[in-house]
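# Structure assessment
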Amino acid sequence: NAGVTQTPKFQVLKTGQSMTLQCAQDMNHEYMSWYRQDPGMGLRLIHYSVGAGITDQGEVPNGYNVSRSTTEDFPLRLLSAAPSQTSVYFCASSRRTSGYQETQYFGPGTRLLVL
Amino acid sequence: GQSLEQPSEVTAVEGAIVQINCTYQTSGFYGLSWYQQHDGGAPTFLSYNALDGLEETGRFSSFLSRSDSYGYLLLQELQMKDSASYFCAVKDNQGGKLIFGQGTELSVKP
């Protein structure tokens, strides 16, 4: 199993450009999520999905879109990049068990720099 | 909504014991978990408390008190490789999203 994979590993964008961060998992996990990590801010939830066709907003959703057409993939789209979106982005997945928490498996991250 | 508070930094010496506290405010949750992140790496799961009390996993233990909205991670026999950031997290029972604290950076000195 590859686990959770993310591409690209590193990206530089100019203000106003759009791009898609890719995330895929091969563990048949129902729950997938995107976090951004900034110094001193911890991990902040952007969007999450509890299954194919279902997405919901997290703590900081503005400027980002997601879709979940398959169980395996959960891409994150930046519509018009801004310097404030410079961050490290992590994708995570887990089995969705009703009630109790399950282990989140994180991808290696995408480092995004917006100029 | 949910909010979690942890100390931003903790320093300890090799071989010592250190406790990292986490207090939370949430309208309802399924439990408290802990993750470790080494510099530049992905967070990895350490432990989870669904019920009050102590959970032990090798050198690491985690504690939860729901009545006090409080938990902690206890690291024993500290090693240099334990230098990392540690995050507490709660999963809410309204939609199931997982929310993290801001993290505690642990520095282990020789």
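This text goes with the structure placed above it.
Residues numbered from 1 in each chain as written. Chains lettered and ligands numbered in written order. Predicted model: local features only at pLDDT ≥ 70, side-chain atom pairs only at ≥ 80, totals over all residues. Heavy atoms only, no water.

Residue and element names in this part refer to chain A. Overall, the coordinates contain 2 disulfides over all chains when judged by the stated rule. Disulfide partner of Cys 23: Cys 91, at an S-S distance of 1.8 Å. For the disulfide bridge between Cys 23 and Cys 91, the dihedral angle about the S-S bond is near -70 degrees, and by the sign convention the bridge is left-handed. With a gap of 68 residues between them, Cys 23 in strand S3 (residues 19-25) and Cys 91 in strand S9 (residues 87-94) connect regions that are remote in the sequence. (Disulfide = S-S within 2.5 Å. Helix = DSSP H or I, 4+ residues; strand = E, 2+ residues; numbered from the N terminus.)

Turning our eyes to something else, we now look at the interface of chain B and chain A. The interface is formed by 25 residues belonging to chain B together with 24 residues belonging to chain A. When the two sides are added together, the surface that chain B and chain A hide from each other amounts to roughly 1900 Å², 56% of it contributed by carbon and sulfur. Three residues, B:Lys91, B:Leu98 and B:Phe100, lead the burial of chain B against chain A; their summed loss comes to 24% of the area buried on that side. For the pair chain B and chain A, the number of links is 0 salt bridges. Linking chain B with chain A are 5 residue pairs in polar contact (both at pLDDT 80 or more), by the criterion used here. Listed by contribution, the elements that provide at least two residues to the side of chain B that touches chain A are strand S4 (29-37), strand S5 (44-49), strand S9 (84-92) and strand S10 (98-100) of chain B. In terms of residue count, the dominant contributor to the side of chain B that touches chain A is S4(B) (5 residues). Tallied by class, residues from the side of chain B that touches chain A come to 13 nonpolar, 10 polar and 2 charged. (Contact = heavy atoms within 4.5 Å. Buried area = accessible area lost by both parts, 1.4 Å probe. Salt bridge = Lys/Arg side-chain N within 4 Å of Asp/Glu carboxyl O. Polar contact = N/O pair within 3.5 Å; in protein donor to acceptor, adjacent residues only side chain to side chain. Nonpolar A, V, L, I, M, F, W, Y, C, P; charged D, E, K, R; others polar.)

As a further point, take the packing of aromatic side chains. All names here are of chain A. If you walk through the whole model with that rule in mind, you get 12 aromatic pairs over all chains. Ring centres of Tyr 35 and Phe 106 lie 5.9 Å apart, and the angle between their planes is 40 degrees; on these two criteria the pair is classed as tilted. Here Phe 106 lies in strand S10 (residues 105-106) and Tyr 35 lies in strand S4 (residues 31-38), a separation of 71 residues in the sequence. The cationic tip of Arg 68 hangs over the ring face of Phe 74; the distance from NZ or CZ to the ring centre is 5.9 Å. (Phe/Tyr/Trp six-rings, centres within 6.5 Å; stacked < 30°, edge-to-face > 60°. Lys NZ or Arg CZ within 6 Å of the ring centre and 35° of its normal.)

All names here are of chain A. Read across the sheet, 4 strands follow the order S1-S3-S8-S7 without closing on themselves; strand pairing throughout is antiparallel. Strand pairing shows two members of the sheet lacking a second neighbour, strand S1 (4-7) and strand S7 (64-66), which therefore form its edges. The average undirected angle you get between the axes of adjacent strands in this sheet is 20 degrees. Taken together, the 3 bridges between S3 and strand S8 (residues 76-78) define a ladder with antiparallel strand orientation. Opposite Leu 21, over in S8, you have Leu 76 as the bridge partner. (Pairing = 2+ DSSP bridges. Axes fitted to C-alpha atoms, helices over the stretch in contact; angles between N-to-C directions.)

So, on to the pairing of strand S8 (residues 70-75) of chain B. Residues and elements named next belong to chain B. Burial analysis of S8 places 5 of its 6 residues in the buried class, the great majority of the element. Pairing analysis gives 6 bridges linking strand S3 (residues 18-25) to S8, with the strands arranged antiparallel. Bridge pairing in S8 links Val 18 to Leu 75. In this sheet, S8 lies alongside strand S7 (residues 60-65) in antiparallel orientation, the contact comprising 6 bridges. In the sheet register, Ser 65 faces S8, and the bridge partner there is Tyr 70. Here S7 folds back onto S8, and the loop between the two strands holds 4 residues, one of which, Ser 69, carries a positive phi near 50 degrees. (Buried < 20%, exposed > 50% of the residue type's maximum accessible area, 1.4 Å probe, protein only.)

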